[in-house]
Amino acid sequence: MPDQSSFTAEHRSFEWELVLKYEDLSLPASEWNEATLAVVAGWYAKNLPSEQAEARYEKSYHRNRRRLSNRLDPASVDTAAIEKLDGVWESLLTRVLQAKK
């Protein structure tokens, strides 16, 4: 049987790595999707007060969106994915924060 504490630590490390990439704008375009934002939103909800979680999530979302939308090589940016995320990104954090209560 695998060591559960090790699995938990690795999972938290994975989440933290995504949060760092999200906040420092190094998240690759290929990872700009609903699943990644859901992990980031979950980390914020578990580790920050609601107001701080919303502010940090929103700030980094807009910075990443702007960065990805203005890339010089449009072939490497999935504009359809960006547009799809625009419709759901706020609701991801809202749902996670509501589940926390």
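What counts, and at which threshold
Residues numbered from 1 in each chain as written. Predicted model: local features only at pLDDT ≥ 70, side-chain atom pairs only at ≥ 80, totals over all residues. Heavy atoms only, no water. Phe/Tyr/Trp six-rings, centres within 6.5 Å; stacked < 30°, edge-to-face > 60°. Buried < 20%, exposed > 50% of the residue type's maximum accessible area, 1.4 Å probe, protein only. Helix = DSSP H or I, 4+ residues; strand = E, 2+ residues; numbered from the N terminus. Patch = residues over 30% accessible without salt bridge, like charges linked within 9 Å, V, L, I, M, F, W, Y side chains within 5 Å. Areas by Shrake-Rupley, 256 points an atom, 1.4 Å probe, with all protein chains shown as cover. Salt bridge = Lys/Arg side-chain N within 4 Å of Asp/Glu carboxyl O. Lys, Arg positive; Asp, Glu negative; His and termini not counted. Charge placed at Lys NZ, Arg CZ, Asp CG, Glu CD. Core = buried A, V, L, I, M, F, W, Y, C linked by side-chain atoms within 4.5 Å. Contact = heavy atoms within 4.5 Å.

1. Digging into the packing of aromatic side chains
What the rule picks out here adds up to six aromatic pairs. The interplanar angle of 70° and the centroid separation of 5.8 Å between the aromatic rings of Trp43 and Tyr44 together place this pair among those described as edge-to-face. An identical accessibility class is assigned to Trp43 and Tyr44; each is buried. Taking 6.0 Å as the distance between ring centres and 90° as the angle between the ring planes, the aromatic pair formed by Tyr44 and Tyr57 counts as edge-to-face. You can see Tyr44 sitting in helix H2 (residues 34-47) and its partner Tyr57 sitting in helix H3 (residues 50-69), a full 13 residues away along the chain. Take Tyr57: its relative accessible area is 1%, and that puts it in the buried class. The rings of Trp16, Tyr22, Trp43, Tyr44 and Tyr57 are connected pair by pair, giving a single aromatic cluster.

2. Comments concerning a negative patch on the surface
A contiguous patch of negative charge on the surface is contributed by Glu51, Glu54, Glu58 and Glu90. With three residues, the single largest contributor to the negative patch is H3. The residue Glu54 is located in helix H3 in this model.

3. Points about the nonpolar core
Generally speaking, nonpolar side chains in soluble globular proteins are found buried as a group. In this structure, Tyr22, Trp32, Leu37, Val40, Tyr44, Tyr57 and Tyr61 are the most contacted members of the largest nonpolar core, which totals 23 residues. Sorting the residues of this core by element identifies helix H1 (4-23), H2, H3 and helix H4 (79-100) as the ones contributing at least two each. Among all residues touching Tyr61, those that are not within four sequence positions of it are Tyr22, Trp32, Leu37, Ile82, Leu85, Asp86 and Trp89.

4. Comments concerning the pattern of salt bridges
For the structure shown, the criterion picks out three salt bridges. A salt bridge links Glu31 to Lys21; the shortest N-O distance between them is 3.9 Å. Taken as a pair, Glu31 in the loop between H1 and H2 and Lys21 in helix H1 lie far apart in primary sequence, 10 residues in all. Where Arg56 meets Glu23, a salt bridge forms, and the shortest distance between an N and an O atom there is 2.8 Å. Note that Arg56 is positioned in helix H3 and Glu23 in helix H1, a separation of 33 residues in sequence.

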